[in-house]
Amino acid sequence: MDSSASSSPPAPRAPRPYEPAQRGSSVAGKVYWAMAQRVALTAACIDGLYIALFVWLGSVPLALVNVVSIAMYLCAHALIRRRRNTAGILLIWLEVIAHSALGSLLVGWDSGFHYYLLLFIPAVVIANSGRYAVPVVLALLAYYLGLRLVCDHLGPLAPLAGQGQKIVNILHVCVVFGMFAALAAFYRRTILIAENRLLRQATLDALTGLNNRAHFQTLAGHTLTRIQRTGEPVALMLCDIDHFKQVNDRHGHAAGDRVLVAVAQVLAGQLRESDVLARWGGEEFLALMPASSLASAVEVAERIRAAIERITLDHQGVPVPLTMSFGVAQVASSDDLPAAIARADKALYRSKHDGRNRVTAQPLRAAS
């Protein structure tokens, strides 16, 4: 035997049918299995109502079937809660398939027990890839048509008296409509959650929660377009954490991340909601401040600088001193974003050159 082959890691297990594409500890997987537990409990409660109905209609066999169904749903709920997900889902499948067959054979096809089989179609298609969804749906279709043929051939084995079959059919229609609506609402909510998560990943910096560079450029572009029409004053503030590399080198990147988060919180707390704030890259932050003159922007920057200097951080009992340098520039109505950033960067460079932990302004007349 080849020793290299015996020591190679095993191939990853292919997902089983009836499992959502994202499993384990993923958010989608947790939501899916939480929904499966709710379905099992809801179905058990509905079967409890059916017991009373069939006792009233005089069908003891169907009442007993629903007693067994309740036990199966409760077992499925317990299995899924203990993360024996595949066993729980298969038990739900077994209950619905057997219950629909027994109900249809005893009371007749027109009673509508077969409607519950249709609930599996969206669940199978959405929760599985085509590799599993297509054959499972085709198998479900074959079972559905086969059950119809058998029911047509045998007829009701224990028909309900009077209007019993019609009452059961109407109740089944109402329940299935409600379950389809609940299933659609669940998948809609899942899609919205996924969209919001993707939007946050595309627009926000993962560490600080501020706008990322690309989203800042988009928002700032809209703001600059607006001020070209209105002529309102706009300032740009570029700031940089002093000696940030030394923080990482002396205390580690975990301490550096804490510094970045602390600075982001101060910036977000000191700026207005109308200001556009972003982590520009590394230890640099950038803010576009509409309806703000150069003088007022310098005041805000000085206030932020003082607040940053007062931050008390320590890493493993060792204090981490923290200061920032600022460059503030007035944005001309004819400026594009790169030109405005270049002017603020020039002011920031002077702050660094003059000793750091200071605010430097770059008026329009000094742009050259």
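Look up a bit, the structure's there.
Summarised in this report is the structure supplied together with it.

Some remarks on the pairing of strand S2 (residues 276-281)
Consecutive side chains of a regular strand alternate in pointing toward one face of the sheet and then the other. Summarising burial for S2: 5 of the 6 residues are buried, a large majority. Judged from the 5 bridges that link them, S2 and strand S3 (residues 284-290) form a sheet pairing that is antiparallel. Among the inter-strand pairings, Leu277 is bridged to a residue of S3, identified as Ala287. Following S2, the chain reverses through 2 residues before pairing antiparallel with S3; Gly282 in that reversal takes a positive phi of roughly 60°.

Details of helix H3 (residues 60-81)
Helix length check: H3 (22 residues) gives 32 Å between terminal C-alpha atoms against 32 Å at 1.5 Å per residue, within 8%. Regarding H3, the residues found buried are Leu62, Ala63, Val65, Asn66, Ser69, Ile70, Met72, Tyr73, Ala76, His77, Leu79 and Ile80. Positive phi appears at Arg83, one or two residues downstream of H3, with a value of about 65°.

Some remarks on the pattern of salt bridges
Applying the stated criterion across every chain yields a total of 9 salt bridges. The partner of Arg279 in a salt bridge is Asp205, and the shortest N-O contact between them spans 3.3 Å. Of this pair, Arg279 sits in strand S2 while Asp205 sits in the loop between helix H8 (164-203) and helix H9 (213-230), and the two are 74 residues apart along the sequence. For the pair shown, Arg279 and Asp205 are each scored as buried. A salt bridge links Asp240 to Lys352; the shortest N-O distance between them is 2.6 Å. Of the two residues, Asp240 sits in strand S1 (residues 234-241) while Lys352 sits in helix H13 (residues 337-353), which places them 112 residues apart along the sequence.

Details of a nonpolar patch on the surface
On the surface, Leu118, Ile121, Val125, Ile126 and Phe180 cluster together into a nonpolar patch covering about 380 Å² of accessible area. By the element assignment, Ile121 lies in helix H6 (residues 120-127). Using a relative accessible area of 34% as the deciding quantity, one classes Ile121 as partly exposed.

Section: the sheet that holds S3
The sheet built from 5 strands is open, its strands ordered S2-S3-S1-S6-S7 with mixed pairing. Single-partner strands in this sheet number two, and they are S2 and strand S7 (359-362). Direction aside, neighbouring strands of the sheet carry axes that sit 20° apart on average. Seen against the sheet, H9 touches S1, S2, S3 and strand S6 (324-331) and runs at an angle of roughly 135° to S2. Along the sheet, helix H12 (residues 294-309) makes contact with S1, S3, S6 and S7, crossing S6 at roughly 165°.

Topic: the environment of Ala101
By secondary structure assignment, the location of Ala101 is in helix H4 (residues 85-107). Taking the C-alpha atoms as reference points, Ala101 and Tyr143, separated by 42 residues in sequence, lie 9.7 Å from one another. Apart from residues no more than four positions distant in its own chain, Ala101 is found in contact with Tyr143 and Leu147.

A few points about unusual backbone geometry
Even without being a glycine, Arg83 presents a positive backbone phi close to 65°. Looking at where Arg83 falls in the secondary structure, it is placed in the loop between H3 and H4. You can call Arg83 exposed: its relative accessible area is 74%. One non-glycine residue with positive phi stands out, namely His243, at about 55°.

Considerations on the packing of aromatic side chains
The geometry of two aromatic rings is summed up by the distance between their centres and the angle between their planes. For the structure shown, the criterion picks out 6 aromatic pairs. For the ring pair Trp93 and Phe120, a centre distance of 4.0 Å and an interplane angle of 15° mean the geometry is stacked. Of this pair, Trp93 sits in helix H4 while Phe120 sits in helix H6, and the two are 27 residues apart along the sequence. Residue Phe120 is classed as buried on the basis of its relative accessible area of 10%. Ring plane angle 75° and centroid distance 5.6 Å describe the contact between Phe216 and Trp280, whose orientation is recorded as edge-to-face. On the criterion of sequence distance, the pair formed by Phe216 in helix H9 and Trp280 in strand S2 is long-range, its members being 64 residues apart. Taken together, Tyr50, Phe54 and Phe113 form an aromatic cluster joined through their ring pairs. Positioned above the aromatic ring of Trp280 is the side chain of Arg213, whose terminal nitrogen or guanidinium carbon lies 3.9 Å from the ring centre.

What about the packing of H6 against H8?
Running from N to C, H6 and H8 cross one another at 15°; their axes reach a closest spacing of 10 Å. With respect to each other, H6 and H8 are oriented roughly parallel. Where H6 crosses over H8, the handedness of that crossing is left-handed. Two secondary-structure elements touch here, H6 through Pro122, Ala123 and Ile126 and H8 through Phe180, Leu183 and Tyr187. Residues belonging to the contact of H6 with H8 are distributed by class as follows: 6 nonpolar, no polar and no charged.

Re the packing of H3 against H4
Contact geometry for H3 and H4: axes closest at 8 Å, N-to-C directions at 170°. Here H3 lies roughly antiparallel to H4, going by the angle between them. The class makeup of the residues in the contact of H3 with H4 is 18 nonpolar, 6 polar and 1 charged.

Here is what the cut-offs are and how they apply
- Residues numbered from 1 in each chain as written.
- Predicted model: local features only at pLDDT ≥ 70, side-chain atom pairs only at ≥ 80, totals over all residues.
- Heavy atoms only, no water.
- Buried < 20%, exposed > 50% of the residue type's maximum accessible area, 1.4 Å probe, protein only.
- Helix = DSSP H or I, 4+ residues; strand = E, 2+ residues; numbered from the N terminus.
- Pairing = 2+ DSSP bridges.
- Expected span 1.5 Å × (residues − 1).
- Salt bridge = Lys/Arg side-chain N within 4 Å of Asp/Glu carboxyl O.
- Patch = residues over 30% accessible without salt bridge, like charges linked within 9 Å, V, L, I, M, F, W, Y side chains within 5 Å.
- Areas by Shrake-Rupley, 256 points an atom, 1.4 Å probe, with all protein chains shown as cover.
- Axes fitted to C-alpha atoms, helices over the stretch in contact; angles between N-to-C directions.
- Contact = heavy atoms within 4.5 Å.
- Phe/Tyr/Trp six-rings, centres within 6.5 Å; stacked < 30°, edge-to-face > 60°.
- Lys NZ or Arg CZ within 6 Å of the ring centre and 35° of its normal.
- Parallel < 35°, antiparallel > 145°, perpendicular 65-115°, else oblique.
- Left-handed = near helix turned anticlockwise from the far one by under 90°.
- Nonpolar A, V, L, I, M, F, W, Y, C, P; charged D, E, K, R; others polar.

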